[in-house]
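Structural features, examined
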Amino acid sequence: MQHIQHRVDKPILQHVMTLLAGLLLISACGSGQPVVPTEPEATAVVAAKSTSTSTPELATGPLSFEDSGQRLGIGRSRDVSIGDLDGDDDLDAFVANGILGEVGSALWQNDGQGIFTIKEQELGHGNGLELGDLDGDGDLDVFIVGWVEVGRVWLNDGSGIFLDSEQSLGSVGGWDVALGDIDGDGDLDAYIAHENEDTVWLNDGSGIFSDTGQRIGTTYTTAAGLGDVDGDGDLDAVTAGWGEPARVWLNDGSGSFTDSGQTLTPGFIHIHGMILGDVTGDGVLDAIMTGAPNQVWFNDGSGMFIDSEQSLSKFPTDTVALKDLDGDGDLDAYLAVGTSGRAQDEIWLNDGQGQFVESEIPLSTGFSSGIGLGDLDGDGDIDAFITHGELGLAYDGGLPNEVWLNMMRYRP
């Protein structure tokens, strides 16, 4: 792999380590995409393209995942999004590598059987990313933000070759980005979660973004999600982070956000990841927030969230992804557990009403920072691409990423 030379100036590095010492690695893989079981692409962000042409039937047997044995890169990976990036109808992975280290972000191409090979390109560094068709040409592009690099848009030529759009979007210090049609004009806009104030960027339809001038929140936002939480037909924002409670920001339909006045979570806990999804099966978007602790919040349908008083895992968690992992029609939670001393990932199974029970199956133990869920090997069930990015490693250090295959097996 061709390495991109990248160093953090000493004052910035000291700032980063002072803020993050003793805390978890921050990541919010896929956190910007709401998930509804019956309409998995309900908010216009295509993060994973299904290759199935028929409704599969779940084979009998207990849920289990198996390590594929692949060890992919050593790039201090922070986030991953999966989708068909090269047009061959299987799911590839775009991995954000960032903050420290010389290894840049990378595209990992799938052979259709769940075996991944890196495609050599210089793609900069980043902390959080989302895939979506940003320029309207029918393929998946990349919007990526980072701690030491400004937001950037990489445009796909359809074959998995990414070209820098040469836009500098916002300032350094971005943690996460969520894509969706914020202003109702039919293209994908961007909400950037930032160490300072969050920003909203509108797309002109060709992949060129302009700053709306909005400055949302006051402290570290580490995760943001877009979805219609109040049922009025536009995309609202839910944010979470450090130093202030998670909040709900309501969209007026034109892309202008106002604070709903809600404060989700206590004010001074650290939330690291967040995802919106209908976990109760009532057709409205709920929220799962990960950090210390991990919490499930139910939406009453009007955009008001109620604490379900569940704590998924007693261990701090970096991020969470939602998919139907056991084939029973509801959304289960895959937790990326990134903490020293106990770093095994966890799957929490949904009873269909938003009550979760830990599966207790063996999973990755490598300080996980991001999760991409989808049918990676073409057998009809949901597999996992896991990124690792433990804080505190040397510049040249890094943990390889892994692919875990779901062994439930489906019959076509």
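Before any of the text, the structure's been laid out above.
If you're wondering where the values come from, they're calculated on a predicted model, not measured in any experiment.

Let us now look at the overall build of the chain. Each helix and strand counted, the chain has 1 helix and 30 strands in total. A buried classification covers 61% of the 412 residues belonging to the chain. For the chain, the proportion of contacts with a sequence separation of at least 24, taken over those separated by at least 6, is 54%. Summed over its atoms, the accessible surface of the chain is roughly 14,600 Å², and 52% of this surface lies on carbon and sulfur atoms.

Bringing the sheet that holds strand 23 (residues 319-323) into the picture now. If you trace the 4 strands from one edge of the open sheet to the other, you get 23-24-25-26, paired in antiparallel fashion. Two strands close off the open sheet at either side, each with one partner strand: strand 23 and strand 26 (356-358). Sheet twist, expressed as the mean angle between neighbouring strand axes with direction ignored, is 25°. As paired elements, strand 25 (residues 346-350) and strand 26 share 3 bridges and run antiparallel to each other. What sits directly across from Leu349, in strand 26, is Val357.

What follows deals with the sheet that holds strand 10 (residues 162-164). Ordered in space as 7-8-9-10, the 4 strands form an open sheet in which the pairing is antiparallel. Every other strand in the sheet has two partners, leaving strand 7 (128-132) and strand 10 as the edge strands with one partner each. The mean inter-strand angle of the sheet, taken between neighbouring strand axes irrespective of direction, is 25°. Looking at chain direction, strand 7 and strand 8 (residues 141-145) are connected through 5 bridges and run antiparallel. Looking across to strand 8, one finds that Gly132 is bridged to Asp141.

Let us look at the pattern of salt bridges. It is possible for side chains of opposite charge to pair when their charged atoms get near one another. Throughout the structure, instances matching the rule amount to 5 salt bridges. In this structure, the salt-bridge partner of Arg152 is Asp164, at a minimum N-O distance of 2.7 Å. Of this pair, Arg152 sits in strand 9 (residues 152-156) while Asp164 sits in strand 10; the two residues are 12 residues apart in sequence, bridging distant segments of the chain. On the basis of relative accessible area, Arg152 is assigned to the buried category, the value being 19%. Residue Asp211 pairs with Arg215 through a salt bridge whose shortest N-O separation is 2.8 Å.

Time to look at the environment of Gly352. With respect to the secondary-structure elements, Gly352 resides in the loop between strand 25 and strand 26. Overall, Gly352 belongs to the partly exposed group, its relative accessible area being 24%. In this structure, the C-alpha to C-alpha distance between Gly352 and Asp330, residues 22 residues apart in sequence, is 5.4 Å. Setting aside chain neighbours within four positions, we find Gly352 in contact with Val279, Thr280, Gly281 and Asp330.

Here the structure, examined in full by the defined rule, presents 9 aromatic pairs. Pairing Phe143 with Phe209 gives two aromatic rings, centres 5.2 Å apart and planes at 90°, and the pair type is edge-to-face. Taken together, the residues span a long stretch of sequence, with Phe143 in strand 8 and Phe209 in strand 14 (residues 209-211) at a distance of 66 residues. Residue classification places Phe143 among the buried positions, given a relative accessible area of 0%. Owing to a relative accessible area of 7%, Phe209 belongs among the buried residues under this scheme. Put simply, the rings of Trp147, Trp175, Tyr220 and Trp242 touch in pairs and so form one group of aromatic residues.

This paragraph deals with the nonpolar core. Ranked by size, the top nonpolar core spans 16 residues in total, and within it Phe65, Tyr334, Ile347 and Leu373 carry the most contacts. Where this core is concerned, the elements lending two or more residues are strand 24 (332-336), strand 27 (368-374) and strand 28 (383-388). Grouped together as the second largest cluster of nonpolar side chains are 15 residues, Leu264, Ile269, Ile271 and Met289 included.

Below, the discussion takes up the pairing of strand 24. Across the 5 residues that make up strand 24, a large majority, 5, are buried. Because side chains alternate across strand 24, one face comprises the buried residues Asp332, Tyr334 and Ala336, and the other comprises Ala333 and Leu335, equally buried. In this structure, strand 23 lies alongside strand 24, joined through 5 bridges in antiparallel fashion. Each bridged residue has a counterpart across the sheet, and for Val320 the counterpart in strand 24 is Leu335.

Turning our attention to the side chain of Asp139. Turning to its location among the elements, Asp139 is positioned in the loop between strand 7 and strand 8. At a separation of 3.1 Å, a polar atom in the side chain of Asp139 contacts the main-chain amide nitrogen of Gly158. Once residues lying within four places of it in the same chain are set aside, the contact partners of Asp139 are Gly132, Asp133, Asn156, Asp157 and Gly158.

About the criteria used
Residues numbered from 1 in each chain as written. Predicted model: local features only at pLDDT ≥ 70, side-chain atom pairs only at ≥ 80, totals over all residues. Heavy atoms only, no water. Helix = DSSP H or I, 4+ residues; strand = E, 2+ residues; numbered from the N terminus. Buried < 20%, exposed > 50% of the residue type's maximum accessible area, 1.4 Å probe, protein only. Contact = heavy atoms within 4.5 Å. Areas by Shrake-Rupley, 256 points an atom, 1.4 Å probe, with all protein chains shown as cover. Pairing = 2+ DSSP bridges. Axes fitted to C-alpha atoms, helices over the stretch in contact; angles between N-to-C directions. Salt bridge = Lys/Arg side-chain N within 4 Å of Asp/Glu carboxyl O. Phe/Tyr/Trp six-rings, centres within 6.5 Å; stacked < 30°, edge-to-face > 60°. Core = buried A, V, L, I, M, F, W, Y, C linked by side-chain atoms within 4.5 Å. Polar contact = N/O pair within 3.5 Å; in protein donor to acceptor, adjacent residues only side chain to side chain.

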